[in-house]
Amino acid sequence: MRRIDTSAIPPVAPPSKLGPAPDLRWIDIAALRVDPRYQREIGRHNIAHIRKIAGAFDWRLFSVVVVSPVPGGVFAIVDGQHRTTAAALCGIESVPCQVIQADAAMQARAFEAINGLTIKVTPQQRFKAAIAAGDAQATRIHELATRARVKILGSIPSTLNVTPGDCIAILALQRLAATFDDEHCVLILECLRLMVTRPKIFMRSDMIEAAIDAFRDRPAWLTHPRIKACFASIDQERAYQSCRELAARENGLKIRDCLCALLLEEIDEELAKGKAA
């Protein structure tokens, strides 16, 4: 583990006043309120999210709720209405809170800061964390990629550090793993890796998505002895740039769909040459 280290960060002058220090305490959910002036309504998607939290509720995964005292002996929730609602759904009566002293305007400002200025967690970082947590799906995808000699990166590096076979397309890999069995996933990833011949180029998400669609349309490819050689004959970047330019001219055309059509055409042609020979 590493220590908190600020030595590589340029210094900054802190504000002269840091605001009143918060305190931590457990507060009854019955004493918590939601201010509609700045809080989001709980819609259909929010309900699904709340039910997901409740269904897997674990105090170790629960962060403190940020609240502020308001008239009437109650507290306005600044951050945490969804996890608080999930706790209530589980029959929990009180939650750990960080109590800040703030009027309505400062509460809204705090809500915006907490929800808007938080550093976004990327799919790559979430995947890395899932691997560390022993998540079954993430572990399976990692093992399949390793077998295919594809390296899944936990962050987005400079292209100077990219080698053929590196991949950051987590969502596309998840779709691949959900569509095919292990052996076929490895085969498809091997085919895709053979297409990446230029240095400093990632295995592209659109190409993975296109390959998924192409193999679903041509299931016979999964057992064809020449399929890897056919994919190796296609340069990923040539194909991608060609489809990118076409999609820019053709309104509504997706790069992924263009790539799928290109794969179907060129690989069918290569396989036909083999038959003719």
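The coordinates are above.
Rules and cut-offs
Residues numbered from 1 in each chain as written. Predicted model: local features only at pLDDT ≥ 70, side-chain atom pairs only at ≥ 80, totals over all residues. Heavy atoms only, no water. Helix = DSSP H or I, 4+ residues; strand = E, 2+ residues; numbered from the N terminus. Rg over C-alpha atoms; globule rule 2.2 N^0.38 Å. Buried < 20%, exposed > 50% of the residue type's maximum accessible area, 1.4 Å probe, protein only. Contact = heavy atoms within 4.5 Å. Areas by Shrake-Rupley, 256 points an atom, 1.4 Å probe, with all protein chains shown as cover. Pairing = 2+ DSSP bridges. Axes fitted to C-alpha atoms, helices over the stretch in contact; angles between N-to-C directions. Salt bridge = Lys/Arg side-chain N within 4 Å of Asp/Glu carboxyl O. 1 Å grid on protein atoms, 1.4 Å probe; cavity = no way out; pocket = protein on both sides within 12 Å on 5 of 7 lines; lining within 4 Å. Points joined across faces, edges and corners; volume = space filled by probe spheres on them. Nonpolar A, V, L, I, M, F, W, Y, C, P; charged D, E, K, R; others polar. Expected span 1.5 Å × (residues − 1). Parallel < 35°, antiparallel > 145°, perpendicular 65-115°, else oblique.

Observations regarding the overall build of the chain
Then, number 1: Each helix and strand in the chain was counted, giving 11 helices and 7 strands.
Then, number 2: Over its C-alpha trace the chain gives a radius of gyration of 25 Å, far above what one expects of a compact globule, namely 19 Å for 277 residues.
Then, number 3: The dimensions of the chain, computed from C-alpha atoms along their principal axes, are 85 × 45 × 45 Å.
Then, number 4: Burial status across the chain gives 38% buried among its 277 residues.
Then, number 5: In the chain, of all internal contacts separated by at least 6 residues, the share reaching a separation of at least 24 is 75%.
Then, number 6: Of the roughly 17,200 Å² of accessible surface on the chain, 56% is carried by carbon and sulfur atoms.

Points about the sheet that holds strand 3 (residues 65-70)
Then, number 1: If you walk across this open sheet you meet the 5 strands as 1-5-3-4-2, and the pairing is mixed. Since the sheet does not close on itself, it has two edges, and those belong to strand 1 (23-28) and strand 2 (32-33), each with one partner.
Then, number 2: In the sheet, strand 3 pairs with strand 4 (residues 74-79) via 5 bridges, with the strands oriented antiparallel. Paired with Pro-69 across the strands is Phe-75, a residue of strand 4.
Then, number 3: Sitting on the sheet, helix 2 (residues 81-89) touches strand 2, strand 3, strand 4 and strand 5 (94-99), and the angle it makes with strand 4 is about 120 degrees.

With respect to the pattern of salt bridges
Then, number 1: Counting across every chain of the model gives 16 salt bridges.
Then, number 2: The partner of Asp-268 in a salt bridge is Arg-218, with the nearest N and O atoms 2.6 Å apart. Within this pair, whereas Asp-268 is found in helix 11 (residues 255-276), its partner Arg-218 is found in the loop between helix 8 (205-217) and helix 9 (227-232), the two being separated by 50 residues in sequence.
Then, number 3: On the basis of relative accessible area, Arg-218 is assigned to the partly exposed category, the value being 26%.
Then, number 4: Sharing partners across several salt bridges, the network here consists of Arg-175, Glu-209, Asp-213 and Arg-256.

Structural notes on the layout of surface pockets
Then, number 1: Looking at the largest pocket, its volume works out to about 660 Å³.
Then, number 2: Lining the largest pocket are 20 residues, and of these His-49, Ile-53, Leu-61, His-82 and Arg-83 sit closest to its centre.
Then, number 3: Mapped onto the lining of the largest pocket, the elements with two or more residues apiece are helix 1 (44-55), strand 4, helix 2 and helix 3 (104-116).
Then, number 4: The residue makeup of the lining of the largest pocket, split by class, is 7 nonpolar, 8 polar and 5 charged.

A closer look at helix 7 (residues 182-195)
Then, number 1: Its 14 residues give helix 7 an end-to-end C-alpha distance of 20 Å, which sits within 8% of 20 Å, the value for a rise of 1.5 Å per residue.
Then, number 2: Where burial is concerned, most of helix 7 is hidden: 10 out of the 14 residues are buried.
Then, number 3: Taken as a whole, helix 7 has its buried residues at Cys-185, Val-186, Leu-187, Ile-188, Leu-189, Glu-190, Cys-191, Leu-192, Arg-193 and Met-195.

Comments concerning the environment of Asp-79
Then, number 1: In this structure, Asp-79 sits in strand 4.
Then, number 2: For the pair Asp-79 and Val-67, spaced 12 residues apart in sequence, the C-alpha to C-alpha distance is 7.0 Å.

Remarks on the packing of helix 5 (residues 136-147) against helix 6 (residues 170-179)
Then, number 1: Helix 6 packs onto helix 5 with a crossing angle of 95 degrees between their chain directions and a minimal axis gap of 10 Å. Judged on the interaxial angle alone, helix 6 and helix 5 are roughly perpendicular. Here Gln-137, Arg-140 and Ile-141 of helix 5 come into contact with helix 6, specifically with Leu-173, Gln-174 and Ala-177.
Then, number 2: Residue classes in the contact of helix 5 with helix 6 are distributed as 3 nonpolar, 2 polar and 1 charged.

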